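Residue-level structure breakdown
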Amino acid sequence: MKVRIPKRTMVLLYLPEGAPGGGEICAALQREGLPFAVLSAQQLTMTVQECFEGKEAVLPAEEAPGEAMAVFCNLSDSQLDGALAALRGLPVPLKAVMTPANRSWSLLTLYRELCREREAIRQRQERKANAPQEG
């Protein structure tokens, strides 16, 4: 008989120093019963996996981003839905799920990729809005 060991779940949360809504964001995740870790700027040089494992930062911080970011690690679909609903309307503009592809990225690399994706979406929406209407 196989014994199922539940996967550990966690939300990695980066809140820039002085960012608005930090207390509300943490309270929302607590209400959902989700474990979370608030990351320091120094931890942004670490990989998503290292932060998920709770390792300590050993490198000095690069320039810290000015926006909050949440990375959802091993959440079930219902937990992810609950977390997203809890954070709706709160100042967490960047959200990602830990995947096999991004778990080895530094959090700063993930942050930059999310910013690139957001800009690409914005440009696509802008082009679509400015495209001549067919009639």
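Quantities reported herein were computed from a predicted structural model and do not represent experimental measurements.

1. A short note on the pairing of strand β1 (residues 10-14)
The buried fraction of β1 is high, at 5 of 5 residues. With burial as the criterion, each face of β1 is covered, one bearing Met-10, Leu-12 and Tyr-14 and the other bearing Val-11 and Leu-13. Sheet topology note: the β1/strand β3 (residues 69-73) ladder contains 5 bridges and is antiparallel. By the bridge assignment for β3, Leu-12 is matched with Val-71. Where β1 and strand β2 (residues 36-39) come together, 4 bridges link them in parallel fashion. Looking at the pairing, Leu-13 lines up with Val-38 of β2.

2. Some points on the nonpolar core
Ranked by internal contacts, the top residues of the largest apolar core, which has 20 residues, are Leu-12, Val-48, Met-69, Val-71, Leu-107 and Leu-110. Mapped onto this core, the elements with two or more residues apiece are β1, α2 (48-52), β3, β4 (94-97) and α4 (107-130). Among the elements that line this core, the one with the most residues is α4, at 5 residues. Excluding residues within four positions of it along the chain, Leu-12 makes contact with Ala-37, Leu-39, Val-48, Cys-51, Phe-52, Met-69, Ala-70, Val-71 and Cys-73.

3. Quick word on unusual backbone geometry
Positive phi values are uncommon outside glycine, yet Asn-74 reaches one of about 60°. For Asn-74, the location among the structural elements is in the loop between β3 and α3 (77-87).

4. Regarding the pattern of salt bridges
Here the structure, examined in full by the defined rule, presents 5 salt bridges. Among the salt bridges present, the one from Glu-67 reaches Arg-118, with a minimum N-O distance of 2.8 Å. Of this pair, Glu-67 sits in the loop between α2 and β3 while Arg-118 sits in helix α4; the two residues are 51 residues apart in sequence, bridging distant segments of the chain. Ionic contacts of the salt-bridge type, sharing partners, join the residues Glu-119, Arg-122 and Glu-126 into one network.

5. Details of the environment of Asn-130
Secondary-structure assignment places Asn-130 in helix α4. Classification of Asn-130 by relative accessible area gives exposed; the value is 59%. Taking the C-alpha atoms as reference points, Asn-130 and Ala-101, 29 residues apart in sequence, are found 35 Å from one another.

6. Overview of helix α1 (residues 22-31)
Working note: α-helix, 3.6 residues per turn, so residues spaced by three or four point in the same direction. Every buried residue belonging to α1 is among Gly-22, Ile-25, Cys-26, Ala-28 and Leu-29, and all of these are buried. For α1, the angular spread of the buried residues around the axis is 155°, confining them to a single face. Every exposed residue of α1 that faces more than 90 degrees away from the buried side is listed here: Gly-23, Glu-24, Gln-30 and Arg-31. Next to the buried residues of α1 lie β1, β2 and α3. Where α1 ends, the next residue or the one after it, Gly-33, has phi of about 75°, a positive value.

Calculation criteria
- Residues numbered from 1 in each chain as written.
- Predicted model: local features only at pLDDT ≥ 70, side-chain atom pairs only at ≥ 80, totals over all residues.
- Heavy atoms only, no water.
- Buried < 20%, exposed > 50% of the residue type's maximum accessible area, 1.4 Å probe, protein only.
- Helix = DSSP H or I, 4+ residues; strand = E, 2+ residues; numbered from the N terminus.
- Pairing = 2+ DSSP bridges.
- Core = buried A, V, L, I, M, F, W, Y, C linked by side-chain atoms within 4.5 Å.
- Contact = heavy atoms within 4.5 Å.
- Salt bridge = Lys/Arg side-chain N within 4 Å of Asp/Glu carboxyl O.
- Arc of directions from axis to C-beta.

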